[in-house]
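# Coordinate analysis (summary)
Letter by letter, the chains look like this.
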4 protein chains.
Amino acid sequence: MPLPTPLRGVVPPVITPLTPAGEVDTASVRRLTEHLIDAGVHGLFLLGSSGEAAYLTDAQRLTALETAVDTAAGRVPVLAGVIDTTTARVLDRAADAVRAGAQALVATAPFYTRTHPVEIADHFRRVRAAAGLPLFAYDIPAAVHTKLPRAVVLDLAADGTLAGLKDSSGDEGSLRRLLIELRGRAPDFSVLTGSELTVDCALLAGADGVVPGLGNVDAAGYVRLYAAARAGDWAAAKAEQDRLAALFALTEEGDPALMGPSSAALGAFKAAARLLDLIDCAATAAPQVPLDEAAVVRIGDRLAEAGLL
Amino acid sequence: MPLPTPLRGVVPPVITPLTPAGEVDTASVRRLTEHLIDAGVHGLFLLGSSGEAAYLTDAQRLTALETAVDTAAGRVPVLAGVIDTTTARVLDRAADAVRAGAQALVATAPFYTRTHPVEIADHFRRVRAAAGLPLFAYDIPAAVHTKLPRAVVLDLAADGTLAGLKDSSGDEGSLRRLLIELRGRAPDFSVLTGSELTVDCALLAGADGVVPGLGNVDAAGYVRLYAAARAGDWAAAKAEQDRLAALFALTEEGDPALMGPSSAALGAFKAAARLLDLIDCAATAAPQVPLDEAAVVRIGDRLAEAGLL
Amino acid sequence: MPLPTPLRGVVPPVITPLTPAGEVDTASVRRLTEHLIDAGVHGLFLLGSSGEAAYLTDAQRLTALETAVDTAAGRVPVLAGVIDTTTARVLDRAADAVRAGAQALVATAPFYTRTHPVEIADHFRRVRAAAGLPLFAYDIPAAVHTKLPRAVVLDLAADGTLAGLKDSSGDEGSLRRLLIELRGRAPDFSVLTGSELTVDCALLAGADGVVPGLGNVDAAGYVRLYAAARAGDWAAAKAEQDRLAALFALTEEGDPALMGPSSAALGAFKAAARLLDLIDCAATAAPQVPLDEAAVVRIGDRLAEAGLL
Amino acid sequence: MPLPTPLRGVVPPVITPLTPAGEVDTASVRRLTEHLIDAGVHGLFLLGSSGEAAYLTDAQRLTALETAVDTAAGRVPVLAGVIDTTTARVLDRAADAVRAGAQALVATAPFYTRTHPVEIADHFRRVRAAAGLPLFAYDIPAAVHTKLPRAVVLDLAADGTLAGLKDSSGDEGSLRRLLIELRGRAPDFSVLTGSELTVDCALLAGADGVVPGLGNVDAAGYVRLYAAARAGDWAAAKAEQDRLAALFALTEEGDPALMGPSSAALGAFKAAARLLDLIDCAATAAPQVPLDEAAVVRIGDRLAEAGLL
């Protein structure tokens, strides 16, 4: 399946189900993938932050991606995160993604090393030229510790290096200005927000779609939200978003003295998916701290409140 | 004039016009204040970041505030920034604001010193108890270097310490969750966004109003945007916001090698206000670097493009 | 007393004793000042971060400073912090310091507002020109959120704007390079480190002295450390520094869930000074969270271990 | 060769010479390795930040490491960086390092993902248990964006998980307290500073050695500095350090408008090594911006000033 131009709609960053022993649970990958497609999502983003890409070996990444591509079977495009520190390493990840049959790549700016806008632009150009697949830039300063400069994104959109942007920066003001400046310069460029609590706003502002971690838990909700926005029914979109934003509280059930916010959020997505019987086991990859049983009970309560359980 | 409960609408953070010698230009304060009220704003916020509060002596602050209060003459409420490092110093600023006749105070969390959520809550409670005016919390991590914790704001809203929040954090996801959690707990609490590029979004999300620095340049635009949103005409609100977001580019005409983004933005607001003949002199307070003439010409071009000149 | 050129030795950042009601306890200011001079310090720095300058009103600052100047009576120079957001406000503080009889001023870069190296240099030049007293730059990124650029300090040292630097940046590598570059360019420039745990190192590297918060608790220890370093007895200097660094653990007795590190450290200095009978009351200014009794007991234990009690 | 316990002395983080085509230049790896051993270094650290580990593929890393181990031939221990985002990925890198014959591993805390002290401790314990080689913790907040908590390092030193620490945090105060607290609790634990501008200070404070990037350019200088410190000749150690700190200015010859500080520093180390004929080609890995010819000329001048050319 060729990648739609621009890619629009709901593209969840798919969690990677694991067995109790820590291996990729391919049966659960298949079940979850089917569920998401049934819910009406417009694409799948494998091996992003929600997919625990930072915690998976190259072999595990390949297994998860191949399984999702095989399950999707061309019904929706599969985007593959190629998360690694710099160009040469990203290209090794990209070769795996090509081999697995992904339709597009999603790469961040260089990280671990300190970088520079000139280097960031060169990095994306080299990845695009060598990898042979459409390329999305992944702007996630919480992980990468630089913000993609708007001017760099504009240049790379205009010259065709980038097919789109996944914006998880949380900087909605900068995103607004980008959307305005993209008009006319790169009409096929796809802007997807990763800010899952303000999707109605991003769509009102002109974004093409959303990559919501919470979409692993309530994909249908995001599909309804997207449809309402497309129909211009902003009151309905807002109401759906409010419901989803309230549900997002399940990511804060962990004890902050014992675990970080990342473990709490990824653990909650998996615990909820387990409670909804979308996957077999809620384990997260080491060394993340697991949620305790009481937290899982509270997560179940929140699913019930949201009408999901 | 008593403060409306909740305060709603467009409340520009009024710039402080200066003479070429660096003193407060009271005639220009009066002219600008009249202009803003004529444009339909719903309140005035004096002595905020856009008002160069950090650069003005206590005497200058008092002069600017007294002049604005006198000019407003009860037609719209005047909120006074009481920007200082911690409680006792803020209370000295608050005494001046009471003397000048302000209708409400706007205070940040402690800054310069490192602080803690328990201290932040205690700080606002002490200021509210001692100052005798409604109190807004000013969440501006770019200046204060802490983000107001959502739980602290909720507690202070519920117990009546705070009359409202001016949110310049740029964290729209956290704001969304706050708006949801405030419902029912504090119906009279006013949430004003300081994120002037995404006001349509904030209003869609349920915010009560906006404190736009750019409102010094195009107050009527923000008033139209607010009216469209209140009428549920989100397409019109978006179009107005897009026009204003494009206009915001005037804040980036300074040379980043020679001046910081703050000088460039405050200088641009003043240069634009001068070109629009709202004030007599575009000088900013020392040690801010002034914009060069070429930048001012480009700012004029942008005003013309936006239909303002 | 004229300021020595360069200023060298131990210059404690004097805490500001308060009464239980929160007013400046002038009797304790006098007792503590006498104690420090008796211990052999080479100067006093009033109204710095350890002096809770951020928490004191202008009137309280003036009272504390006047009392210390009067008590010192020319035996050692008194440096006065003039901590405020930008130039005009700092100059108001400087006028008070001149009135109180201070021998030198200590000012930070602009804070609260975002700034730029050109503005920082202009700020110090304006303060020096208008205030009429020798000026030290206070590099404290933890409070000010910018690091003083080495090139700016070098320029301001070479042209005589600055008499010295109080370096609380913790960036010992940059300090080393500054010390090397200052040689020959500004031989009378005084470099004082505020990093109280590595004073032996700073003196070995060529610093002129130290401004240790812990010097409120063990001034004699820092005087011995300084003397050993001046004598070239680095083993003795290291041993003394190790003892003081171990003692510094008293700053961490507060419960991090209930109070911030700043409250814990300032509270500890005051609790220790009270236990040593240098001041009458250990209260810190609002809204700082006070240490609980158990923490004060542990602080007493640490003083005993260090041979001070 | 077994790893000395504790490891002490000069352990340069060896740069990875590349061919003009970007492949590992094994002949230059051998020549540089011989040169460093001839200069008297006490160990070699391959695949650290100076080694451009973030830019090399797994295959390139393995080639560089195998070549260095083979060349060292047991004369000095070889430590191998196993830089990757989290536990499972680090273990894949560790398997390569074991295969290549390294004597010890050097791992950071998890990065890209947000982490927590409990996870950091678990991460190091899992790596140590599974990898089968002595393990050093690499504290480099500039890359990893967390600082290793002192309490975590102490626990992992005391229970034998860690053989040592490479501290590139620049937080000399925290290092001092760690050194004091390690005494008696973990006498064989090795503390190596990565702060190459203050090595005399770190050794005075009790550190065991240094991992200086600049040691690729002047290994003999660091060996002399270390020897002087061990002999208690602190004046000589300081003089040598001052000379090396002045030489370090070669890392700042790049144009900051065109390249970042990391490219400038790594490029300078390689340009200097090329000028000293230690390697054949000064190329750095993509997408780093190369130094221009004028910068390389200035680097040559600095080598001449330092008596190296």
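Residues numbered from 1 in each chain as written. Chains lettered and ligands numbered in written order. Predicted model: local features only at pLDDT ≥ 70, side-chain atom pairs only at ≥ 80, totals over all residues. Heavy atoms only, no water.

### Quick look at the packing of aromatic side chains
Residue and element names in this part refer to chain B. To keep it simple, the criterion reads: Any two rings among Phe, Tyr and Trp, with Trp reduced to its six-membered ring, count as a pair given centres within 6.5 Å; such a pair is stacked if its planes are under 30 degrees apart, edge-to-face if over 60, and tilted if neither. Every helix listed is a DSSP run of H or I at least four residues long, and every strand listed is a run of E at least two residues long, numbered separately from the N terminus. When a residue's accessible area, from a 1.4 Å probe over protein chains only, is under 20% of the maximum for its type it is buried; when over 50% it is exposed; and in between it is partly exposed.
Tallied over the entire structure, the rule returns 10 aromatic pairs over all chains. Summarising the aromatic geometry, the rings of Phe 45 and Tyr 138 are spaced 5.7 Å apart at their centres and angled 80° between planes, so their arrangement reads as edge-to-face. Of this pair, Phe 45 sits in strand E2 (residues 44-46) while Tyr 138 sits in strand E5 (residues 135-139), and the two are 93 residues apart along the sequence. Neither Phe 45 nor Tyr 138 differs from the other in exposure class; each is buried.

### Remarks on the sheet that holds strand E4 (residues 104-108) of chain C
All names here are of chain C. Where we set the bar: Pairing between two strands requires that DSSP report at least two bridges joining them. Note on contacts: a residue pair qualifies if any of its non-hydrogen atoms lie within 4.5 Å across the two residues. Whenever a helix is involved, its axis is fitted only over the stretch in contact; in every case the axis is a line through C-alpha atoms, and angles between N-to-C directions fall within 0 to 180 degrees.
What the eight strands build is an open sheet, ordered E1-E8-E7-E6-E5-E4-E3-E2; its pairing is parallel. Two strands bound the open sheet, and with one partner strand each, they are strand E1 (9-10) and strand E2 (44-46). The strands that helix H2 (residues 58-72) touches are E2 and strand E3 (78-81); relative to E3, the one it contacts most, it runs at about 175°.

### Points about the relation of the copies chain D and chain C
Two chain copies, one operation linking them: a rotation about an axis together with a shift along it. Short version of the rule: Residues below a pLDDT of 70 in either copy are left out; the C-alpha atoms of the rest, at least 70 in both, set the least-squares superposition of the copies.
Mapping chain D onto chain C calls for a rotation angle of 180° and an axial translation of 0.0 Å; the resulting RMSD is 0.0 Å. The symmetry that links the two subunits is that of a two-fold axis. Looking at the rotation axis and the C-alpha trace of chain D, the residue lying nearest is Cys201(D), at 2.4 Å.

### Comments concerning the arrangement of the chains
There is a clear gap between chain A and chain C: no contact, and 9 Å between their nearest C-alpha atoms. Spatially, chain B is disjoint from chain D: no contact exists, and the shortest C-alpha separation is 9 Å.

### As for the interface of chain A and chain D
The criterion, for reference: Accessible-area loss on putting two parts together, using a 1.4 Å probe and summing over both, is the definition of buried area adopted here. Each reported salt bridge corresponds to a side-chain nitrogen of Lys or Arg within 4 Å of a carboxyl oxygen of Asp or Glu.
In this assembly, 47 residues from chain A lie in contact with 47 residues from chain D. In this assembly, chain A packs against chain D so that about 3,700 Å² is buried in total across both faces, 56% of it on carbon and sulfur atoms. When the buried area of chain A at its contact with chain D is split by residue, Arg89(A), Tyr112(A) and Pro287(A) rank highest and sum to 23% of it. Scanning the region where chain A abuts chain D turns up four salt bridges. Where Arg89(A) meets Asp84(D), a salt bridge forms, and the shortest distance between an N and an O atom there is 3.3 Å.

### Focus on the UniProt feature "binding site: pyruvate" (unreviewed entry) in chain A
All names here are of chain A. Selection criterion: UniProt positions are given in the numbering used here, feature names are shortened, and annotations may be inferred rather than shown by experiment.
Mapped onto this numbering, the UniProt entry annotates "binding site: pyruvate" (unreviewed entry) at Val 211. Checked against the element boundaries, Val 211 lands in the loop between strand E8 (209-210) and helix H9 (219-230). With a relative accessible area of 3%, Val 211 lands in the buried category. If we ignore the near neighbours within four places in the chain, the residues touching Val 211 are Val 11, Pro 12, Pro 13, Phe 45, Lys 166, Leu 192, Thr 193 and Gly 194.

### Some words on the pattern of salt bridges
Tallying each qualifying case throughout the model produces 112 salt bridges over all chains. Of the charged contacts in the structure, one is a salt bridge between Asp139(B) and Lys147(B), with a shortest N-O distance of 2.7 Å. Take Asp139(B): its relative accessible area is 2%, and that puts it in the buried class. When its relative accessible area of 33% is taken as the criterion, Lys147(B) is described as partly exposed. In this structure, Arg298(B) engages Glu253(B) in a salt bridge whose closest nitrogen and oxygen atoms are separated by 2.6 Å. Note that Arg298(B) is positioned in helix H12 (residues 293-305) and Glu253(B) in the loop between helix H10 (234-247) and helix H11 (261-275), a separation of 45 residues in sequence. On the basis of relative accessibility, which here comes to 34%, the residue Arg298(B) falls in the partly exposed class. Via salt bridges that share partners, Asp58(A), Asp84(A), Arg89(A), Arg93(A), Asp58(D), Asp84(D), Arg89(D) and Arg93(D) belong to a single interconnected network.

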